[in-house]
Structure formats: structure tokens, C-alpha cells
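Structural overview for review
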Amino acid sequence: MHPPSIDRLARAHAASGLPHATLVRLARRVVAGTAAEDVADAMATEVQHRARRQALEVVNGTGVLLHTNLGRAPTPQRPADRYSNLEFDLADGQRGPRAPAVTELAATLTGAEAALVVNNCAAAVMLALAALAGGRGVVVSRGELVEIGGGFRVPDVLAQSGATLIEVGTTNRTRPADLSEALALQHAERPPVAMVLKVHQSNYRIVGFTESVSVGEARALAPPEVVVMADLGSGLLDARCPWLPGGPPPWLADEPGVAQVLAEGADLVAVSGDKLMGGPQAGLLVGRADLVERCARHPLMRALRCGGATLSALERTLTAYAERDLTGLPFWRLATTPVEDLRARAEAIAAGQPRVEVVDTVATTGGGTLPGARIPSVGLAVRGDLVAPLRAAQPALVARAADGRTLVDLRTVFPDQDEAVAAALAGALGDHGAGDVAG
Ligand SMILES: *Cc1c(COP(=O)(O)O)cnc(C)c1O
């Protein structure tokens, strides 16, 4: 048999919408690794697989608002197909600071003197440690030496930054006296303390016989030259939620806000842009202007800064907060949709489909935030495990299977995706008949 023509094989799949160069690459790989008679089938499988790996719209039926695998917070994206004034001062025609409107908004919304934007919160923490505590000591409570999903471990980040970890207290209890002892201790082998780092227990809780030192207490105990920094992670800008007509929802419970932590005495706060802030992947450092300035001037800044598309998405998110405009804050809009609205939508979706049932569910924030939060919600249930066929729908519907049924939670579905949910359910039930499974 002649070796199949790579080009012909690639062209045969032009309708997939994949770029020709990608198809050629796939065809080469398939031809090299497959017996000639199986090439056509193998290529079709490869193309199908690859087409599903493009950036695609997905319907999030999981009820996890900040689903890390689904991009955490949904953010309004505007294609950046024009030039922008990214680093250009339109007033004087000179090179200007990067996105000054973003940092100004972040400072205004949190009551900080200044702000700085980097790639993510991990980068913000790393930069602040390197710039403000490199070669010196950082005091952290043993109850806060955390790991955030994806391998962000506070002790490792600290080591990478060139700072030395000084652990105080125990896993469940750290007292003000532990902190003052560590601050007072003069030790030949220990570098001087540059910072007290408070790490928010974003994705876990220690309950029971516990005690911790608050940011305010830390600020009162530490000498003025020691920086008190809070790694808040989760990114709630203001615990009063002034952008929500009804104020903070009950499930936010005691989540600290950046504004409050700064008011309590933190010199610097690091937060994530795509957790409770509901913006694009980014990290913010807000706080004292002199400290933000030192971080901005550190050589790592160049490597950790983010690009124009992120900055413009963040600017729109922060502007929506400033204008209390929920349409620009999809995360908060989804999170606070009244349960009755979800139920009405669920009933409309289930109307023509006898095997689809409307059920009460519990949604969560996810994304390594608010571990105990339970957000009342409504979803659609069908018997059997339809997770895979729903995922194969166009657009893909990500659902969860539990207790012999498949659940699509409407808390995380945008209203204009309801039709897609109905179609995906009808398709999956029709094709697979899992709804017939006796139970
Ligand atoms: C999530 C989190 C981080 C990491 O944030 P990314 O933006 O994902 O890098 C760091 N610290 C805390 C406390 C967090 O909750």
C-alpha cells in the first residue's frame, strides 16, 4: 500500500474548522503511528479529540461558581483587536504607567493608598516577599502554612522568594505572645524579621480549640519597620458588599474583605482577581504606597506583570464594582440570583421532558474559597449517569453525577444557556435512554 498523503488526509478534515497546519501535524502523527488500513479511523478520532480541546464555551451545570477547571470567574471579554493606551499617557504623549486606571480603581475600592497588578495572587505574594523580605525573616503562624490547590505552598513560595520562614505557634493555636516572642528574639543564626505574614484559610477551616492572632493584633505588636502583610487569596473587596442591593448574602459568613483588613492595620494585602472578585486571572497587591512602590521596582515585576487583555478585563470588572453595576459582575449576578427565578427556569426546561425532574440543590463558590458555604439552588435531575453524553453536547454541558442520578445545577448556568441545557438533556436522554434505568 502507498503511504497515505498527509496533505490529502488533512484536507479531508477541513470541515472540522481546525487550522490546516494543525491537521497536517495530526495527520503526520497518525500516519507514523498507525497501520495503513486504520489511518482513516484513527485520524477521525484524533480530529474529533483535538477539536474539543479548543477554547470553547461550556455550560457549567456543576453548581460550583468558581470552578477552577472551567476558568474560575466568568468575565466579560472584549476582543482586543485595536491598539490601546496600555503604557501611553494621552495627556502628554509620553510613556506612562501600565493601566493606571486599574490600580487607581483597586485602591479606591479598598481604601488603599496604592495598588499593583500581577499575574495571579501567587505572583503577588512571591513579589512582595522578594521585594520586602528577601534575605530576611518572615513570621508565619503554623496554622497558616497552607497549600492552595495547584501546589501553592506557603513555605515553598517563601523559600523561593529568598526569605526565611520563622514559624510560630501550633497548628490550632497561635497566641499574641508567640508572635511577640518571635519578634523580640535576637539570634545570631536567624535573620532579622522583615515581615509578619497572615495567610487566610481560604480553602479549609480549623475549628474547635483554636486561637489565632488577628491582623490588628499583629500590627500592634510588630515594630513599625516590620511589614504586616495579609495573603487573603479569595479576593472579597469589601465585606459590606455595597455592589449588592441586598448587602452580603448569608453564605459569605465571616469572609474578610480587603477594605476591612486594610482598615484593621494590614500594610499590604494580596488577593486573587478570579476568585470572589469575579474578574480575570490576576493578582492584586494593595496597601501602603511606599511598599507597593518597592514591589513595582523589583526586577521580578517584569516577569510577573500581566498583559493588556487581562488589564482591560480587570478594569471593566473594577469599574462595574465602582458603579455597582451587576451586569458587569457575572459571578455576583449568578451567585445572588433568587432561588425562585432558578426554579421558574428549571420548570420551563423540564416542561417538555417527562424524565427531567426539578430538584432543590446546594451550590458552592469553589475555586478554593469559602469551604463551608452552601448556596441554596435549584437544578434538574435525571436518572442514570449522563455526565459523558452531556459533556459531548454542543456546547458541552458539565454536570455532576451523584446517588444514581445526573444533576444540572442552574446556579451556574446563564439564562441564555437554558435552551442549550434543554437540548443537551433531550439529546442525552434520547440517545442513551439512561432515564429508563429503573431506580
Ligand atoms: C487562591 C489563593 C492563592 C493563589 O491565588 P492565585 O490567584 O490562584 O494564584 C494564594 N493565597 C491564598 C490565601 C489563596 O486563597
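Above this text you will find the structure in question.
This one's a predicted model, so the numbers in the text were calculated from it and none came from an experiment.

The subject of this paragraph is the overall build of the chain. Within the chain, the secondary structure is distributed over 16 helices and 17 strands. Principal-axis analysis of the C-alpha atoms gives the chain an extent of 75 × 55 × 50 Å. Buried residues in the chain amount to 49% of all 439 residues. Long-range pairs, those at least 24 residues apart, make up 71% of the contacts in the chain with a sequence separation of at least 6. Accessible surface, the chain: about 21,200 Å² in total, of which carbon and sulfur atoms supply 52%. For the chain, the distance from the average site of its 41 positive side-chain charges to the average site of its 47 negative ones is 4 Å.

Here we have 7 strands laid out as an open sheet, ordered β4-β12-β11-β10-β9-β5-β8, and mixed in their pairing. In this open sheet, the two edge strands, each paired with only one partner strand, are β4 (114-118) and β8 (164-168). Along the sheet, successive strands turn relative to each other by an average axial angle of 25°, direction set aside. In this sheet, β8 lies alongside strand β5 (residues 137-141) in parallel orientation, the contact comprising 5 bridges.

The next thing to look at is the sheet that holds strand β14 (residues 375-383). Here 4 strands make up an open sheet; going across it, the order is β13-β14-β17-β16 and the pairing antiparallel. Each edge of the open sheet carries a strand with a single partner, namely β13 (357-363) and β16 (400-402). Adjacent strand axes in the sheet meet at a mean angle of 40° when their direction is disregarded. Pairing analysis gives 5 bridges linking β14 to strand β17 (residues 405-409), with the strands arranged antiparallel. Of the residues in β17, the one forming a bridge with Leu 380 is Val 408. Against the sheet, helix α14 (residues 339-350) contacts β13 and β14, and its axis sits at roughly 15° relative to β14.

Thresholds applied
Residues numbered from 1 in each chain as written. Predicted model: local features only at pLDDT ≥ 70, side-chain atom pairs only at ≥ 80, totals over all residues. Heavy atoms only, no water. Helix = DSSP H or I, 4+ residues; strand = E, 2+ residues; numbered from the N terminus. Buried < 20%, exposed > 50% of the residue type's maximum accessible area, 1.4 Å probe, protein only. Contact = heavy atoms within 4.5 Å. Areas by Shrake-Rupley, 256 points an atom, 1.4 Å probe, with all protein chains shown as cover. Lys, Arg positive; Asp, Glu negative; His and termini not counted. Charge placed at Lys NZ, Arg CZ, Asp CG, Glu CD. Pairing = 2+ DSSP bridges. Axes fitted to C-alpha atoms, helices over the stretch in contact; angles between N-to-C directions.

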